[in-house]
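# Topology and contacts: notes
Now for the letters of each chain:
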Number of protein chains: 2
Amino acid sequence: MFQYAASVEKWDVFEVTVSGRADGNPFVDYSIRGVFQSAQERVETDGFYDGDGIYRVRFMPSIEGDYTFRVFGSFSDEEYTGNFTVTPASANNHGPVRVANTFHFAYEDGTPYYPVGTTCYVWTHQPQELQEKTLEELSKGYFNKIRFCVFPKHYDYNFRDPITFPYEGTPCDNSGLNRDNFGTYLPSNPENKWDFKRFNPEHFRLFENRIRDLRDMGIEADLIIMHPYDRWGFSEMDAESDDLYWNYVIARFAAYRNVWWSLANEFEFVRKKTMADWERYAHILCKKDPYHHLRSIHNAFNFYDYNKPWITHACIQLQDKKPLELLPDWREMYRKPIVVDEMRYEGNIEHGWGNITAEEMVRRFWEVTLMGAYGGHGETYMHPDNILWWSHGGELHGESGPRLKFLQQILNESPYIGLDPCGEYLTAASKVAFAPNTYRLLYFGYTRPSYKRFYYDDEHDYQVEVIDTWNMTIENRGIFRGRFDIDLPSRQYMAIRIKMVD
Amino acid sequence: MFQYAASVEKWDVFEVTVSGRADGNPFVDYSIRGVFQSAQERVETDGFYDGDGIYRVRFMPSIEGDYTFRVFGSFSDEEYTGNFTVTPASANNHGPVRVANTFHFAYEDGTPYYPVGTTCYVWTHQPQELQEKTLEELSKGYFNKIRFCVFPKHYDYNFRDPITFPYEGTPCDNSGLNRDNFGTYLPSNPENKWDFKRFNPEHFRLFENRIRDLRDMGIEADLIIMHPYDRWGFSEMDAESDDLYWNYVIARFAAYRNVWWSLANEFEFVRKKTMADWERYAHILCKKDPYHHLRSIHNAFNFYDYNKPWITHACIQLQDKKPLELLPDWREMYRKPIVVDEMRYEGNIEHGWGNITAEEMVRRFWEVTLMGAYGGHGETYMHPDNILWWSHGGELHGESGPRLKFLQQILNESPYIGLDPCGEYLTAASKVAFAPNTYRLLYFGYTRPSYKRFYYDDEHDYQVEVIDTWNMTIENRGIFRGRFDIDLPSRQYMAIRIKMVD
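Residues numbered from 1 in each chain as written. Chains lettered and ligands numbered in written order. Predicted model: local features only at pLDDT ≥ 70, side-chain atom pairs only at ≥ 80, totals over all residues. Heavy atoms only, no water.

Quick look at the overall build of chain A now. Regarding its fold elements, chain A presents nine helices and 30 strands. Each principal axis of the C-alpha distribution contributes one length, and for chain A these read about 80 × 60 × 40 Å. Burial statistics for chain A: of 502 residues in total, 63% are counted as buried. Restricting to contacts in chain A with at least 6 residues of sequence separation, those with at least 24 account for 70%. (Helix = DSSP H or I, 4+ residues; strand = E, 2+ residues; numbered from the N terminus. Buried < 20%, exposed > 50% of the residue type's maximum accessible area, 1.4 Å probe, protein only. Contact = heavy atoms within 4.5 Å.)

Note on the identical chains: chain A maps onto chain B by a rotation of 180 degrees and an axial translation of 0.1 Å, with an RMSD of 0.1 Å. Taken together, the rotation and translation describe the operation of a two-fold axis. Every residue of chain A has its C-alpha some distance from the rotation axis, and the shortest such distance is that of Pro323 of chain A, at 4.0 Å. Most of the interface of chain A is mirrored in chain B, where 100% of its interface residues again form contacts. (Least-squares fit on C-alpha atoms with pLDDT ≥ 70 in both.)

Right, let's talk about the domain arrangement of chain A for a bit. Residues and elements named next belong to chain A. Domain assignment breaks chain A into domain 1 (2-87), domain 2 (97-412) and domain 3 (422-500). Its C-alpha centre places domain 2 at a distance of 35 Å from the equivalent point of domain 3. With 15 residues of domain 2 at the interface, the matching set in domain 3 holds 20 residues. Taken over both partners, the interface formed by domain 2 and domain 3 buries close to 1600 Å², and the fraction arising from carbon and sulfur atoms is 74%. (Domains from an automatic or database assignment. Buried area = accessible area lost by both parts, 1.4 Å probe.)

Each pair of packed helices can be summarised by the angle the axes make with each other and by the distance between the axes. Residues and elements named next belong to chain A. Running from N to C, helix H7 (residues 358-370) and helix H9 (residues 400-412) point in directions that differ by 20 degrees, and their axes come no closer than 9 Å. Between H7 and H9, the interaxial angle falls into the category roughly parallel. The way H7 lies across H9 gives a crossing that is right-handed. Seen from H7, the contacting residues are Ala358, Met361, Val362, Phe365, Trp366 and Thr369; seen from H9, they are Ser400, Arg403, Leu404, Leu407, Ile410 and Leu411. Tallied by class, the residues present in the contact of H7 with H9 amount to nine nonpolar, two polar and one charged. (Axes fitted to C-alpha atoms, helices over the stretch in contact; angles between N-to-C directions. Parallel < 35°, antiparallel > 145°, perpendicular 65-115°, else oblique. Left-handed = near helix turned anticlockwise from the far one by under 90°. Nonpolar A, V, L, I, M, F, W, Y, C, P; charged D, E, K, R; others polar.)

Here we come to the sheet that holds strand S22 (residues 374-377) of chain A. All names here are of chain A. One open sheet holds the eight strands; their spatial order is S18-S17-S16-S13-S12-S22-S20-S19, and the pairing between them is parallel. The outermost strands of the open sheet, each flanked by one partner alone, are strand S18 (295-296) and strand S19 (314-317). Sheet analysis places S19 next to strand S20 (residues 338-342), joined by three bridges and oriented parallel. Its bridge partner lying in S20, Ala314 is registered against Ile338. Running over the sheet, helix H4 (residues 239-253) touches strand S16 (220-226) and strand S17 (259-264) and is turned about 165 degrees from S16. (Pairing = 2+ DSSP bridges.)

What follows concerns the interface of chain A and chain B. Each side of the interface is counted separately: chain A has 42 residues, and chain B has 42 residues. In total, chain A and chain B occlude about 3500 Å² of area from one another, counting both sides; carbon and sulfur atoms represent 48% of this. Linking chain A with chain B are two salt bridges. For the pair chain A and chain B, the interface holds 23 residue pairs in polar contact (both at pLDDT 80 or more). Elements that contribute at least two residues to the side of chain A that touches chain B include exactly helix H6 (327-334), strand S21 (346-347), H7 and strand S26 (451-455) of chain A. The residue inventory of the side of chain A that touches chain B, partitioned by class, reads 16 nonpolar, eleven polar and 15 charged. (Salt bridge = Lys/Arg side-chain N within 4 Å of Asp/Glu carboxyl O. Polar contact = N/O pair within 3.5 Å; in protein donor to acceptor, adjacent residues only side chain to side chain.)

Our focus in this paragraph is the side chain of Thr124 of chain B. Residues and elements named next belong to chain B. One can find Thr124 in the loop between strand S12 (117-119) and helix H2 (128-138). Its relative accessible area of 6% is what places Thr124 among the buried residues. If we ignore the near neighbours within four places in the chain, the residues touching Thr124 are Gln131, Phe148, Cys149, Ile163, Phe207 and Arg210.

This part takes up the sheet that holds strand S5 (residues 42-46) of chain B. Residues and elements named next belong to chain B. With respect to topology, five strands assemble into an open sheet ordered S2-S9-S8-S4-S5, the strand pairing being mixed. With one partner strand each, in any of the chains shown, strand S2 (7-9) and S5 form the two edges of the open sheet. Pairs of neighbouring strands in the sheet enclose a mean axial angle of 25 degrees, with direction left out of account. Alignment of S2 against strand S9 (residues 79-87), held across three bridges, turns out to be parallel. Its bridge partner lying in S9, Glu9 is registered against Thr87.

Membership of the largest hydrophobic core comes to 256 residues, with the highest contact counts inside it found for Tyr245 of chain A together with Tyr245 and Trp366 of chain B. Sequence-distant contacts of Trp366 of chain B, defined by excluding residues within four places in its chain, comprise Phe406, Leu407, Ile410, Leu441, Tyr443, Ile467, Thr469 and Ala495 of chain B. (Core = buried A, V, L, I, M, F, W, Y, C linked by side-chain atoms within 4.5 Å.)

With that settled, the discussion passes to helix H4 (residues 239-253) of chain B. Residues and elements named next belong to chain B. Under the 1.5 Å per step criterion, the end-to-end length of H4 is 21 Å for 15 residues, consistent within 8% with the ideal 21 Å. Within H4, twelve of the 15 residues are buried, leaving the element largely enclosed by the surrounding structure. Residues Ser241, Asp242, Asp243, Leu244, Tyr245, Trp246, Tyr248, Val249, Ile250, Ala251, Arg252 and Phe253 constitute the buried set of H4. (Expected span 1.5 Å × (residues − 1).)

In total, this model carries 92 salt bridges over all chains according to the counting rule given. Between Glu202 of chain B and Arg205 of chain B there is a salt bridge, with its nearest N and O atoms 3.3 Å apart. Taken together, the residues span about one helical turn, with Glu202 of chain B and Arg205 of chain B both in helix H3 (residues 201-216) at a distance of three residues. Its relative accessible area of 34% is what places Glu202 of chain B among the partly exposed residues. Through salt bridges with shared partners, a single ionic network connects Glu15, Asp50, Arg56, Arg58, Glu202, Arg205, Glu208 and Arg252 of chain A.

As a further point, take the packing of aromatic side chains. All names here are of chain A. This model, assessed by the stated rule, comprises 132 aromatic pairs over all chains. A centroid spacing of 5.2 Å and a plane angle of 70 degrees characterise the contact between Tyr107 and Tyr113, whose relative ring orientation is edge-to-face. In this structure, Tyr107 and Tyr113 share a single accessibility class: buried. The positively charged end of Lys322 is found above the aromatic ring belonging to Phe303, 5.2 Å away from the centroid. (Phe/Tyr/Trp six-rings, centres within 6.5 Å; stacked < 30°, edge-to-face > 60°. Lys NZ or Arg CZ within 6 Å of the ring centre and 35° of its normal.)

Now for the state of the cysteines. All names here are of chain B. Evaluated as defined, the whole model comprises zero disulfides over all chains. Distance from the sulfur of Cys172, which forms no disulfide, to the nearest cysteine sulfur (Cys149) is 17 Å. Here Cys172 falls in the buried class, since its relative accessible area comes to 4%. (Disulfide = S-S within 2.5 Å.)

Right, let's talk about the side chain of Arg210 of chain B for a bit. All names here are of chain B. With respect to the element layout, Arg210 can be found in helix H3. A polar atom in the side chain of Arg210 sits 2.5 Å from the side chain of Gln128. Beyond its immediate chain neighbours, meaning those up to four positions away, Arg210 contacts Trp123, Thr124, Gln128, Gln131, Glu132 and Leu135.

This part covers the environment of Leu404 of chain A. Position of Leu404 of chain A among the secondary structure elements: in helix H9. Each C-alpha atom of the pair Leu404 of chain A and Phe143 of chain A lies 7.3 Å from the other, and the pair is 261 residues apart in sequence.

And the structure:
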């Protein structure tokens, strides 16, 4: 017995559901795989066991037209075959995001994608009402990417158990955990009783529902597959269990077009893992993800070697010794897109990484943008019930959101895929000009000139707009030629956009 | 005929004035030198020609007691001898500033000196009324060091001729110079007619009057001997003229206890000079300044090698690629005091280095302080008559001054000579503790926690004060022991001072 749909739109999930054996431990005792084929595409991929005797094989088609499939389960000699049609992508479906123009991103259909991401580490592990609130907040369009974890998280302000666990078993007692017991990483607790060979399908089902919700909202799901904020031992499993986990995660999630892979958050803090482990996971990922979704790994203090060929883009946390000002060096060093996913968070908790102002959060986004890179948002305001966006989602309490939506608007009005810095004006302002003379975006950040002098040439007209990035206004100052001065309000956070008039 | 005083206080200027020959060119045709001796000190030093047949030899005694002197002029066979008494230093005279505790400064009498400097490049070249205004402003005590140039300056907002020139001759025409002719460095103009072998003593006399005024106000005079902002050819003289200039400057100014030597401002921009030239000037300085006043040289983009043994402290201008965050590396690299004399200026001119807010100016001072280093102030507000503090002095229009005086107060209340950073709290705040447990200063900068948790030990009491560095308040929060939380106002620019109670 098996099921599938007669048609699917390009870059959506086509799934074959097969009833098979449920005896023993189907997660390791049996396997399932599928081959999906059209005149122009052939994908062979693993499926996974979803509990209750149900196996699934998922496929994301990249081409329109007629397909056939053949699915094989090790639990049976039967071959499950069929055919289906891949229809054109609907209006808001642009395919997975790829690297474009060396330092930038575009959807597979060529539409530029300018990441303006946020972080809600374990929003999918919260009660459903809170998850719904998060989605409502996300629907405001402040962000087009969100980073979150498959595993639950143990950390400051975050001691409650998740709604589901990824494995069968029972967790250690969490009563009595509070700020005084804070630790990023609690050593393996013998109270934890898990069977690392038996996944809890409910955990993954709920999780992928949210991947789908995000996809339908046009939001990329930057999945953090491993992390160190752990009291359950999920960061200390043996290699065999790790690899089983990686294969399971890839088989379940890879067919969602909006998935990005982040191997880890703060990889160096996952203390039991060696560099060889990370490279092994990367190897599994490269081999098993047929769609080559974007891949990176996130640092605490030390950068992973982003020159590794499997890494599609650098995913960076700033540190005192790794300040934003050095970003141009990283860009040249890696020649890949740079996403500064952690630039400190808007909020007022006690940690220095979680108490900057909204103004500073937005400034950092503009600075990275003008350096030809991308930023990441997070919010950490104290909350009476310890519901902090950065960890739990819920409601945003800060002021950066609408400004980041405004930044997206400015980016989407750019004439090319991505903005690249050029050397004009040096310290006066970071400056962007993709094509000399035709388009320029200047940003003044925390500096606040009373005017700015320009002189490009005597032959062309230039249209000048003054942008207040905080108050979200765009003021047309008219057309200029030759040498000209643009008055500015001696206020911080101003930008100027200059377009050559044809 | 010669003159001298019967007594002088320690670290003041003792001067022997001699009438000699005025024929030919006394600046090069004749020389004068003196030997000053007591039971414990012997200084041999060059004098200089001051015009009108007057020669002077100056001496700064470092020891109290009875001295004799012998002065020799090449213009005569006569030997000028005499004796004088060195009396104790008066209350506000602590001697010259020296390096102390590796990274810090103290006056020669051991009093800690925490530089909080400003920059007024050519305030002594302005009309006397404006100079008086500058002194009035300086008398408010916002700064205890000021950087300024011996040579006049040509630069944006600064095209007027100085009140005097350092040489006999006539300058090129300055009419018609304005923003459109801006250039840091104008190539030698044939209109300039100077005799680089004949100083204008009036120029140096007026200049040293101001060194003396500053000394009497307790302000260090950080003299910039060479610089590139030139339309007169003073930055393009030949080696012989350069060396004559250096010898003259040293002979005139070295006996003032408040003198610091800055070989150049933005040394790389003085294009006609090679590294060998700078090292030669340094050699002259080390040989001819008997008092070994502090010596440094200031960068544009590239640091001079501050490891050079003649350099007593690094004098640094920040750049995008040389941000404040890297200061701890420089400190370790050079193992000398770090003075970040240019951290951008409070103001609103068009240049990115001259339009930060007062808040940001003050924040940068606190940041460098908490990194165990020292900052520099400058102010560049647009002015209807182009009188900008950074260049001309005059009145301050900004808001950082009183806050920098407040910072000096905090520094002067430190228990040791200098504050050194320690690793506690990492990104949360730079932190200072000279002696573990006994004294701590934390600064939160642009971060704004709602509280901060502390736990040092269970045995000692700690007195906690919350400092608002912007509003200049110090609030005593009482005595704490063990684990304790300190509430903070979720506002930027706060600091905490913690002292162990004996």
